[in-house]
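# Structural overview for review
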Number of protein chains: 2
Amino acid sequence: MENIKNYVEANKQRFLDELFGLLRIPSISSLSENKPDMERAAQYWKDAILAAGADKAQVMPSNGNPVVYGEKIINAALPTVLVYGHYDVMPVDPIEKWNTKPFEPIIKDGKIWGRGADDDKGQAFMHAKAFELMVKTNTLPCNVKFMIEGEEEIGSPSLANWCETHKDMLKADIILVSDTGMLSIDMPSITTGLRGLAYWQVEVTGPNRDLHSGIFGGAVANPINVLAKMIASMTDQDGRITMPGFYDDVVEISKEERAMLAKAPFDDQRYMESIGVTELMGEKGYSTTERTGIRPSFDVCGIWGGYEGEGAKTVLPSKAFAKISTRLVPNQDHEKIAVMFKKHFESIAPGSVKVEVTSLHGGQGYGCPIDFPAYQAAEKAYIESFGKKPIPTRSGGSIPIISTFEQILGIKSILMGFGLESDAIHSPNENFPIENFYKGIETIPLFYKYFAEIKK
Amino acid sequence: MENIKNYVEANKQRFLDELFGLLRIPSISSLSENKPDMERAAQYWKDAILAAGADKAQVMPSNGNPVVYGEKIINAALPTVLVYGHYDVMPVDPIEKWNTKPFEPIIKDGKIWGRGADDDKGQAFMHAKAFELMVKTNTLPCNVKFMIEGEEEIGSPSLANWCETHKDMLKADIILVSDTGMLSIDMPSITTGLRGLAYWQVEVTGPNRDLHSGIFGGAVANPINVLAKMIASMTDQDGRITMPGFYDDVVEISKEERAMLAKAPFDDQRYMESIGVTELMGEKGYSTTERTGIRPSFDVCGIWGGYEGEGAKTVLPSKAFAKISTRLVPNQDHEKIAVMFKKHFESIAPGSVKVEVTSLHGGQGYGCPIDFPAYQAAEKAYIESFGKKPIPTRSGGSIPIISTFEQILGIKSILMGFGLESDAIHSPNENFPIENFYKGIETIPLFYKYFAEIKK
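This is a predicted model, so every value here is computed, not measured.

Moving on: the overall build of chain A. A count of helical and extended segments in chain A gives twelve helices and 18 strands. Its C-alpha atoms give chain A a radius of gyration of 23 Å, near enough to 23 Å, the size a compact globule of 456 residues would have. C-alpha extents for chain A along the principal axes are approximately 80 × 50 × 45 Å. Restricting to contacts in chain A with at least 6 residues of sequence separation, those with at least 24 account for 79%. Carbon and sulfur atoms make up 52% of the accessible area of chain A, which amounts to about 16,200 Å² in all.

This brings us to the packing of helix H5 (residues 223-232) of chain A against helix H5 (residues 223-232) of chain B. At a minimum axis distance of 8 Å, the contact between H5(A) and H5(B) shows a crossing angle of 115°. The orientation of H5(A) relative to H5(B) falls into the category roughly perpendicular. Crossing geometry of H5(A) relative to H5(B) is assigned as left-handed. Within the contact between the two elements, H5(A) uses Ala228(A), Lys229(A), Ile231(A) and Ala232(A) and H5(B) uses Ala228(B), Lys229(B), Ile231(B) and Ala232(B).

We now examine the sheet that holds strand S13 (residues 319-328) of chain A. Through backbone hydrogen bonds, the strands of a sheet pair up, either in parallel or in antiparallel fashion. The eight strands are arranged S14(A)-S9(A)-S13(A)-S11(A)-S11(B)-S13(B)-S9(B)-S14(B) in an open sheet whose pairing can be described as antiparallel. Strands at the two margins of the open sheet, each flanked by one partner only, are strand S14 (354-363) of chain A together with strand S14 (354-363) of chain B. Within this sheet the neighbouring strands show an average axis-to-axis angle of 20°, counted without direction. Bridge count between strand S11 (residues 297-306) of chain B and strand S13 (residues 319-328) of chain B: eight bridges; the pairing is antiparallel. Looking at the pairing, Asp299(B) lines up with Ser325(B) of S13(B). Against the sheet, H5(B) engages strand S11 (297-306) of chain A together with strand S9 (196-205), S11, S13 and S14 of chain B, with an angle of about 15° to S13(B). Relative to the sheet, helix H9 (residues 334-347) of chain B contacts S9, S11, S13 and S14 of chain B, its axis offset from that of S14(B) by approximately 165°.

Here the UniProt feature "domain: Peptidase M20 dimerisation" (unreviewed entry) sits at residues 192-350 of chain A. Spanning residues 192-350 of chain A, this segment combines 28% helix with 23% strand, and its end C-alpha atoms are found 43 Å apart.

Residue and element names in this part refer to chain A. Once the domains are mapped, chain A shows domain 1 (2-194 + 365-455) and domain 2 (196-250 + 296-363). Taken over C-alpha atoms, the centre of domain 1 sits 35 Å from the centre of domain 2. Each partner contributes residues to the interface: domain 1 has ten residues there, and domain 2 has seven residues. The three residues of domain 1 that bury the most area against domain 2 are Gly 365, Ser 398 and Pro 400, which together make up 53% of that side's buried surface. Our count for the domain 1 to domain 2 interface comes out at zero salt bridges. At the junction of domain 1 with domain 2, the criterion picks out zero residue pairs in polar contact (both at pLDDT 80 or more).

Attention now moves to the packing of aromatic side chains. Residues and elements named next belong to chain B. In total, this model carries 32 aromatic pairs over all chains according to the counting rule given. Judged by centre distance (4.9 Å) and plane angle (20°), the rings of Phe 341 and Phe 345 are stacked. Of the two residues, Phe 341 and Phe 345 both sit in helix H9, four residues apart, roughly one turn of that helix. When its relative accessible area of 0% is taken as the criterion, Phe 341 is described as buried. Assessed through its relative accessible area of 0%, Phe 345 is described here as buried. Following the ring pairs from residue to residue traces out a cluster consisting of Trp 45, Phe 125, Phe 131 and Phe 146. The ring of Tyr 247 carries the charged tip of Arg 240 above its face, separated from the ring centre by 4.1 Å.

Attention now moves to helix H7 (residues 268-275) of chain B. Turning to H7(B), its buried residues are Tyr271(B), Met272(B) and Ile275(B). Taken end-on, H7(B) shows its buried residues confined to a sector of 95°, consistent with a single buried face. Exposed side chains of H7(B) directed beyond 90 degrees from the buried face belong to Arg270(B) and Glu273(B). On its buried face, H7(B) sits against strand S10 (211-212) of chain A together with helix H8 (288-293) of chain B.

Right, let's get into the relation of the copies chain B and chain A. Between chain B and chain A, which share one sequence, the superposing operator has a rotation angle of 180° and an axial displacement of 0.0 Å; the RMSD is 0.0 Å. When the rotation and shift are considered jointly, the pair of chain copies conforms to a two-fold rotation axis.

Residues and elements named next belong to chain B. Counting buried positions over the ten residues of H5 gives nine, a clear majority of the element. Among the residues of H5, those classed as buried are Pro 223, Ile 224, Asn 225, Val 226, Leu 227, Ala 228, Met 230, Ile 231 and Ala 232. Two or three places before Ile 224, at the start of H5, stands the capping residue Asn 222, its side-chain oxygen 2.8 Å from that residue's backbone nitrogen.

Listed as interface residues are 91 residues of chain B and, on the opposing side, 91 residues of chain A. Here chain B packs against chain A, burying approximately 7,600 Å² in sum over the two surfaces, 53% of which is carbon and sulfur. The tally of links from chain B across to chain A stands at zero salt bridges. Per-element accounting of the side of chain B that touches chain A gives the leading share, ten residues, to S11(B). Here the side of chain B that touches chain A is composed, by residue class, of 38 nonpolar, 34 polar and 19 charged. As paired elements, S11(A) and S11(B) share five bridges and run antiparallel to each other. Paired with Ile303(A) across the two strands is Gly305(B), which belongs to S11(B).

Residues and elements named next belong to chain A. In total, this model carries 46 salt bridges over all chains according to the counting rule given. With a shortest N-O distance of 2.8 Å, Arg 40 and Asp 37 are connected by a salt bridge. Of the two residues, Arg 40 and Asp 37 both sit in helix H2 (residues 35-52), three residues apart, roughly one turn of that helix. Taking the relative accessible area as the measure of exposure, Arg 40 reaches 44% and is therefore partly exposed. Connected via shared salt-bridge partners are Arg 14, Glu 18, Lys 129 and Glu 132.

All names here are of chain A. Along the chain, the position of Thr 80 falls in strand S3 (residues 80-86). Reaching out from Thr 80, the side chain makes a polar contact with the side chain of Asn 143 at a distance of 3.3 Å. With near-sequence residues (within four places) excluded, Thr 80 lies in contact with Asn 143, Lys 145, Lys 171, Ala 172, Asp 173 and Ile 174.

Residues and elements named next belong to chain B. As a packed pair, helix H2 (residues 35-52) and helix H3 (residues 121-136) sit with axes 8 Å apart at the nearest point and diverge in direction by 20°. The angle between H2 and H3 places the two elements in the roughly parallel class. Packed against H2, whose contacting residues are Tyr 44, Trp 45, Ala 48, Ile 49, Ala 51 and Ala 52, the element H3 presents Ala 124, Phe 125, Ala 128, Phe 131, Glu 132, Val 135 and Lys 136 at the interface. Split by residue class, the contact of H2 with H3 holds eleven nonpolar, no polar and two charged.

A few words on the confidence of the model for chain A. In the predicted model, chain A carries a mean pLDDT of 95, and 100% of its residues have values of at least 70. Interface scoring of the predicted complex returns ipTM 0.76; its pTM is 0.76.

Our next topic: the nonpolar core. Residue and element names in this part refer to chain B. Counting 92 residues, the largest nonpolar core has Trp 45, Ile 414, Phe 447 and Tyr 448 as its most contacted members. With eleven residues, the top contributor of residues to this core is helix H12 (residues 434-455). Beyond its immediate stretch of four places on either side in the chain, Phe 447 contacts Val 81, Ile 174, Leu 176, Ala 374, Ala 377, Ala 378, Ala 381, Ile 414 and Met 416.

All names here are of chain A. Pairing is antiparallel in the open sheet, where three strands are placed in the order S4-S5-S18. For this open sheet the edge positions go to strand S4 (106-108) and strand S18 (431-433), each flanked by a neighbour on one side alone. On average, each strand axis in the sheet is inclined to that of its neighbour by 30°, with strand direction left out of account. Direction of pairing for strand S5 (residues 111-113) relative to S18: antiparallel, over a ladder of three bridges. Note that in S18 the partner of Ile 112 across the bridge is Phe 432.

The rules we used
- Residues numbered from 1 in each chain as written.
- Chains lettered and ligands numbered in written order.
- Predicted model: local features only at pLDDT ≥ 70, side-chain atom pairs only at ≥ 80, totals over all residues.
- Heavy atoms only, no water.
- Helix = DSSP H or I, 4+ residues; strand = E, 2+ residues; numbered from the N terminus.
- Rg over C-alpha atoms; globule rule 2.2 N^0.38 Å.
- Contact = heavy atoms within 4.5 Å.
- Areas by Shrake-Rupley, 256 points an atom, 1.4 Å probe, with all protein chains shown as cover.
- Axes fitted to C-alpha atoms, helices over the stretch in contact; angles between N-to-C directions.
- Parallel < 35°, antiparallel > 145°, perpendicular 65-115°, else oblique.
- Left-handed = near helix turned anticlockwise from the far one by under 90°.
- Pairing = 2+ DSSP bridges.
- UniProt positions renumbered as here; feature names shortened; annotations may be inferred.
- Domains from an automatic or database assignment.
- Buried area = accessible area lost by both parts, 1.4 Å probe.
- Salt bridge = Lys/Arg side-chain N within 4 Å of Asp/Glu carboxyl O.
- Polar contact = N/O pair within 3.5 Å; in protein donor to acceptor, adjacent residues only side chain to side chain.
- Phe/Tyr/Trp six-rings, centres within 6.5 Å; stacked < 30°, edge-to-face > 60°.
- Buried < 20%, exposed > 50% of the residue type's maximum accessible area, 1.4 Å probe, protein only.
- Lys NZ or Arg CZ within 6 Å of the ring centre and 35° of its normal.
- Arc of directions from axis to C-beta.
- Least-squares fit on C-alpha atoms with pLDDT ≥ 70 in both.
- Nonpolar A, V, L, I, M, F, W, Y, C, P; charged D, E, K, R; others polar.
- pLDDT = per-residue confidence, 0-100.
- Core = buried A, V, L, I, M, F, W, Y, C linked by side-chain atoms within 4.5 Å.

Listed below in structure tokens is the structure:
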């Protein structure tokens with residue numbers, strides 16, 4: 001632990017400078033005009049892994065954005081850790097809500113501010129630096145492989161196929177990921193569950209052109225009015241999703257596990273204050289953390305149609321659109337849900353409109369048992385670096401690819417996240433506390449150490 | 001009738017050229033960046049009225065866009081016709097749906113294509129040319145006054161006050177307006193009723209920033225989900241508006257009048273084909289023309305919130321917005337409804353969001369009895385120029401200022417509209433058949449003739 005702290009201390013500023021170089025690249029995977037930035041971000045990662053001490057690293061093509069792969073094999077007999085992360089980030093709109101330029105990172109109030117500061121450039125880069133630390137201090141106890149992709153924020157559409165193709169190259173004992181959060185810097189936690197996801201775009205078409213709302217209003221179905229009714233019908237007054245069959249595969253969590261999860265300190269009042277609401281809303285009979293951790297959810301992520309400009313335009317629009325998503329719990333199959341929703345949503349459309357549902361992406365949920373060796377090693381690492389036993393938690397977020405790894409590569413993942421809820425990932429003013437960044441770099445080598453011991 | 005036809009024939013091309021000059025000015029009243037174009041359009045009208053033979057014409061200031069006023073007083077003993085029209089037009093989006101440039105008018109398939117071709121530059125300009133015709137052929141039987149405003153498409157916010165200020169100047173026996181439609185070029189009609197209007201913008205605010213839909217989804221109210229439920233609750237399964245008290249002042253139309261209105265030939269099938277729908281939707285128990293003519297309606301004219309870009313962004317947005325309008329029937333008070341909606345919509349909001357309702361504009365409905373002298377004169381004019389007795393109809397559209405004229409100036413209006421349903425006003429590819437343009441110029445002088453006779 002001592003030499004770890006010393007090495008970090010001696011290289012603090014350089015670690016930050018190198019991360020900033022990555023943060024300055026606007027690698028937004030959902031926008032086609034940012035394609036060239038994906039290539040730049042991948043190259044940056046390749047160079048970083050090589051500089052850190054990898055035997056080799058390369059930018060490899062996929063059906064979509066390239067994947068960065070690098071490795072250092074010190075002894076075939078030793079266990080192998082496969083580090084997964086992503087270099088792509090979310091879009092930045094609403095841009096006017098940012099207090100700084102999203103791709104011009106700065107340090108303020110002890111935090112790194114910028115898109116990707118946490119998710120996932122900041123967290124993934126901790127692994128490059130922890131790897132460097134182990135190499136340079138001759139303490140690397142395992143073989144290491146890096147797999148850094150560029151399509152996580154759009155559901156990793158190409159990575160499954162890429163893994164399929166490179167199965168042998170990717171052989172490992174555990175996949176190590178930092179793309180989740182912890183309860184607080186004083187309260188380390190390990191994510192043992194992730195929600196799955198299904199995401200659609202719906203298009204409701206009424207008349208073949210925008211109509212005058214006075215001349216036609218009242219006689220012709222208005223696609224916005226109709227879409228509103230269709231969306232409204234998807235949830236009931238108890239906050240349950242009404243789609244027939246939606247809950248069929250949802251596993252009810254036992255009283256015991258619910259009690260264990262409830263150990264994580266949580267204050268509804270502080271939670272509400274942090275997001276500026278005076279009342280919460282969700283499924284009846286479940287706590288806030290249960291609503292996001294062990295229960296599915298239904299959210300409209302975007303909606304548009306008709307006149308959005310200044311003033312009053314009296315129009316009965318031709319079309320209305322929405323981006324709709326559900327978060328799923330482990331054991332719900334996102335492909336089954338994707339088909340179920342399309343069928344259901346089209347079935348509830350009145351004959352006066354046409355409805356088209358397009359599935360945009362999806363992923364399975366994931367669960368990691370706490371008696372699992374890698375969990376034990378991670379627990380030891382946190383105890384040593386934080387002086388506290390981490391609490392197992394379930395994240396409401398999704399990393400669809402995690403369950404895909406298990407299916408294709410047959411390798412489980414351990415989610416050592418160092419982000420905080422206040423990091424505002426996917427939102428304006430994303431940030432990452434410098435302290436968490438360094439704590440991550442210190443904790444990761446300890447995981448390698450204990451994982452190697454357990455695996456002996 | 002003969003010399004009317006001859007004069008029109010001899011000046012056909014010039015009439016069009018002069019109208020095109022007006023159509024080329026993008027005088028969109030709802031967009032502040034188009035302010036300078038309002039001034040240009042007003043000047044163009046002033047010159048047109050003078051050139052047509054007015055004693056005087058001027059661009060007069062108002063609290064908003066200027067009003068063009070002109071007059072020719074030939075004999076104080078003769079009746080005075082006050083022509084009302086507007087030089088402002090609707091916005092042009094969705095611009096990509098236009099087959100031509102909205103402000104570069106062209107002739108194609110016997111129609112004038114461009115924003116304002118019908119509403120209301122094309123129709124109002126007929127009066128300038130009919131006036132010219134009467135002056136140049138020495139057949140002007142009445143005094144004439146012109147009042148052409150630049151804010152009709154945003155609800156004429158300044159004209160009421162302007163009329164108040166210029167009451168004496170505007171003294172007249174009848175207000176003559178061409179800003180409505182006719183059943184078909186073979187089936188002249190006179191609009192005897194207009195719907196009123198109330199229009200709001202609503203803003204629903206949930207969390208103080210966009211949130212990650214995975215981490216927060218299910219525990220925090222999503223403003224789009226909430227807005228959808230609120231909008232959905234505004235109408236029931238019979239297509240009736242659920243707002244308490246909304247129908248209190250709606251006058252049920254007698255069987256007799258409904259039968260008379262039903263005389264207007266109307267084919268649901270052709271109507272559906274013209275707008276590309278296979279099923280209609282509206283208030284139970286009423287025909288299509290009744291749904292737009294004698295019943296109020298509820299339409300969301302625009303909605304937006306969250307992510308509208310390419311791909312899938314998993315966000316739980318901070319805000320959702322909608323532009324909401326109701327069409328009102330005569331005897332419903334738009335101000336009463338405006339307050340009623342704000343109170344109701346804010347009252348149905350769950351405590352988990354903040355809702356703000358802003359009234360954007362409104363206007364009263366209007367009714368014109370068919371035994372009214374000006375109606376009789378108009379009827380005679382149509383019979384002579386079309387060889388057919390016009391059918392009285394009720395328009396679903398609103399010209400809020402018409403009822404305001406009655407209140408402030410104490411003058412009734414006669415609505416001689418020459419537009420067709422296919423003119424696509426307020427929509428992409430607005431157009432106006434040349435034949436209707438010339439027919440209007442021929443019919444208007446006949447109205448003056450018979451109105452002068454009746455008033456003797």
